[in-house]
Amino acid sequence: MKICVIGTGYVGLVTGTCLAETGNTVICVDNDKSKILSLKNGVIPIYEPELEEFVKKNIKEKRLTFTTDIQEGVNPSQIIFICVSTPPRADGSADLSFVENVARSIALYMNEYKIIIDKSTVPVETGQRVEETIKRQLKDKNIEFDVVSNPEFLREGSAIHDSMKPDRIVIGVSSQKAADILTRLYEPFQAKIIITNIKSAEIIKHASNSFLATKISFINEVSRICELSGANIEEVALGMGLDPRIGRQFLQTGIGYGGSCFPKDVSAFIKISEELGYDFKILKAVEKVNAEQIEFFIKKIEKTLWIIKDKKITVWGLAFKPDTDDMRNAPSIQIIEALVKDGAEIHAYDPVAMEKARSVLPEDVVFHDDIYSSLQGSEALVIATEWEDFKNADLDRVMALMEQPIVVDGRNIFDPSLMKEKGFMYTSIGR
Ligand code: UDX
């Protein structure tokens, strides 16, 4: 099939590439000229395992092309994906101006039947708005079209895997014709396909991310009770998670959720609920707990170190989670800013996010190219992201390099008894 993907951010680039991989002809559109130029040469602006190989392969096999000209993308394509960003506005609602602009442009260049798909995460009723916008823009041109909501569920760091082997594909439609075409498009992915109405599909996305965020805030609250009572959160999470009704995933306590999705989607879901006349009480608590969790961790560092001023502190892990270089809403930012404010000298290391981190962290942070050099003479090690490299670190070497063997672990990556045996003063979360 001929496909156009508008917006080459995380979602658009991965979606376009995976649809090319399954044999479609895909043209990706973005108004960022330098990004398109890089992509044409197979240079990927983000770190995402496997993505570069997939992009290069599909460019070479001529199934994947890039352009800045929206008309060039829309004209030949029967299916058009809207994958532009929907950033949060100051009041927490989603800014849909990019979606509206793209809908207008699509209408301008529509020449025959098209399926227009909202893949960006949007509040319920956006599909209806997109349809109205296109109808208005088409004026008296009599061209048939269908608007579809087909949310993505890909996680950064495993985006290709999640897209190629999805656990479900949700297609929100109002016409059988569009449902049939999209069922054919997604056949090669061999996943469970759920056909719903457009509004249900939109809510499935917001509710899924909000539920996962709720699980995280819940386990973070339980971890506080574990600390206060002397229980161990890892044992508690295991004991809970083995109940298939609860499940093991997303019960990892830590320093709260970050990234480009959960914070934005939870607040947008609260906001759209409010607009619809409902006060989403649980989600407000989820947000509050998440904000408090990071503050609690910063206090833990301060309590452990007593005086922060002039201390050399190493921070391992800058990205909001492992296997990505994404710094959006990364807890490391808030931790480092607080420590710098208290007068600490920060030495930082991350396997891939340092380039992006430089532009968002305070300028006196010292970045190290090597995990161990970041520890030389350090008076404390703070762990903010659970990269595999950190879990596999040579602890004897860590001990030898540090001035004071203090480790404050926000991700529970080490076994407390092993750390004690090695002579570290080790603090983690909820145990
Ligand atoms: C999320 C959803 O998982 C994905 O389905 C959606 O389409 C986009 O948003 P992503 O933001 O890439 O994906 O990361 P995810 O792996 O879900 O982690 C989100 C945040 O939750 C991270 O900050 C992570 O550290 C935190 N987290 C996750 C926990 O604190 N504990 C957990 O058990 C799991």
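Residues numbered from 1 in each chain as written. Predicted model: local features only at pLDDT ≥ 70, side-chain atom pairs only at ≥ 80, totals over all residues. Heavy atoms only, no water.

Caption draft 1: Representation of the overall build of the protein within the structure. Per the secondary structure count, the protein includes 17 helices and 14 strands. When the backbone C-alpha atoms are referred to their principal axes, the protein occupies close to 75 × 45 × 40 Å. Looking at the protein as a whole, 55% of its 431 residues qualify as buried. The contacts in the protein between residues at least 6 apart in sequence include a share of 72% that link residues at least 24 apart. (Helix = DSSP H or I, 4+ residues; strand = E, 2+ residues; numbered from the N terminus. Buried < 20%, exposed > 50% of the residue type's maximum accessible area, 1.4 Å probe, protein only. Contact = heavy atoms within 4.5 Å.)

Caption draft 2: The site of the ligand, seen in detail. The ligand sits among 18 residues. The nearest are Glu156, Phe250, Gln252, Gly258 and Lys321. With respect to the ligand, the side chain of arginine 411 contributes an N or O atom lying 3.2 Å from an oxygen atom. Protein contacts shield 92% of the accessible area of the ligand, which totals 660 Å² for the unbound molecule. The biggest single contributor to the shell around the ligand is helix H9 (residues 198-229), with 3 residues. (Near = heavy atom within 4 Å. Polar contact = N/O pair within 3.5 Å; in protein donor to acceptor, adjacent residues only side chain to side chain. Areas by Shrake-Rupley, 256 points an atom, 1.4 Å probe, with all protein chains shown as cover.)

Caption draft 3: Examining the domain arrangement of the protein more closely. Parsing the protein into structural domains produces domain 1 (2-196) and domain 2 (197-431). One C-alpha centre belongs to domain 1, the other to domain 2; they are set 32 Å apart. Counting the surface lost from both domain 1 and domain 2, the interface buries some 2,600 Å², and carbon and sulfur atoms represent 60% of this. Summed over the three residues of domain 1 that lose the most area to domain 2, namely Tyr47, Val124 and Glu156, the buried surface amounts to 27% of that side. (Domains from an automatic or database assignment. Buried area = accessible area lost by both parts, 1.4 Å probe.)

Caption draft 4: Inspection of the packing of aromatic side chains at higher detail. Following the criterion strictly, the structure yields 8 aromatic pairs and no others. Summarising the aromatic geometry, the rings of phenylalanine 269 and phenylalanine 280 are spaced 5.3 Å apart at their centres and angled 55° between planes, so their arrangement reads as tilted. In this pair, phenylalanine 269 sits in helix H11 (residues 262-275) while phenylalanine 280 sits in the loop between H11 and helix H12 (281-305), placing the two residues 11 residues apart along the sequence. For the ring pair tyrosine 278 and phenylalanine 280, a centre distance of 6.2 Å and an interplane angle of 75° mean the geometry is edge-to-face. On the accessibility criterion, tyrosine 278 (47% relative accessible area) is partly exposed. The exposure class of phenylalanine 280 is partly exposed, given its relative accessible area of 23%. An aromatic cluster of at least three residues, connected via ring pairs, comprises Phe250, Tyr257 and Phe262. Geometry around phenylalanine 296 places arginine 224 over its ring, the cationic atom sitting 4.0 Å from the centre. (Phe/Tyr/Trp six-rings, centres within 6.5 Å; stacked < 30°, edge-to-face > 60°. Lys NZ or Arg CZ within 6 Å of the ring centre and 35° of its normal.)

Caption draft 5: Summary view of the pattern of salt bridges. This model, assessed by the stated rule, comprises 23 salt bridges. The closest approach of N and O atoms between glutamate 156 and arginine 328, which form a salt bridge, is 3.6 Å. Linking glutamate 156 in the loop between strand E6 (145-149) and helix H7 (159-164) with arginine 328 in the loop between strand E9 (312-316) and helix H13 (331-341), this pair joins segments that are 172 residues apart in sequence. On the accessibility criterion, glutamate 156 (8% relative accessible area) is buried. (Salt bridge = Lys/Arg side-chain N within 4 Å of Asp/Glu carboxyl O.)

Caption draft 6: Seen up close, the sheet that holds strand E10 (residues 345-349). The sheet built from 6 strands is open, its strands ordered E11-E10-E9-E12-E13-E14 with parallel pairing. Of all strands in the sheet, those with a lone pairing partner are strand E11 (366-367) and strand E14 (425-427), marking the two edges. Here H13 sits on the sheet and contacts E9, E10 and strand E12 (380-383); the angle it forms with E10, its principal contact strand, is near 155°. (Pairing = 2+ DSSP bridges. Axes fitted to C-alpha atoms, helices over the stretch in contact; angles between N-to-C directions.)

Caption draft 7: Structural context of unusual backbone geometry. Positive phi values are uncommon outside glycine, yet tryptophan 306 reaches one of about 65°. Classification of tryptophan 306 by relative accessible area gives exposed; the value is 73%.

Caption draft 8: Broad picture of the side chain of threonine 253. Summarising the element assignment, threonine 253 is placed in the loop between helix H10 (233-241) and H11. Note on threonine 253: relative accessible area 3%, which makes it buried. One polar contact links threonine 253 to serine 223, side chain to side chain, over a distance of 3.2 Å. The residues touching threonine 253, leaving out its near neighbours within four places in the chain, are Ile219, Asn220, Ser223, Ile233, Glu234, Gln293, Asn412 and Ile429.

Caption draft 9: Looking closely at the side chain of histidine 368. Here histidine 368 shows up in the loop between E11 and E12. For histidine 368, a relative accessible area of 13% puts it in the buried group. Polar contacts involving the side chain of histidine 368 include one to the side chain of histidine 347, which spans 2.7 Å. Side-chain polar atoms of histidine 368 contact the side chain of serine 373, separated by 3.2 Å. Apart from the residues lying within four places of it in its own chain, the contact partners of histidine 368 are His347, Ala348, Tyr349, Met354, Ser373 and Ser374.

Caption draft 10: Geometry of the environment of aspartate 279. Within the element layout of this structure, aspartate 279 appears in the loop between H11 and H12. Separated by 158 residues in the primary sequence, aspartate 279 and threonine 121 have C-alpha atoms spaced 21 Å apart. Separated by 2.6 Å, the side chains of aspartate 279 and lysine 284 make a polar contact.

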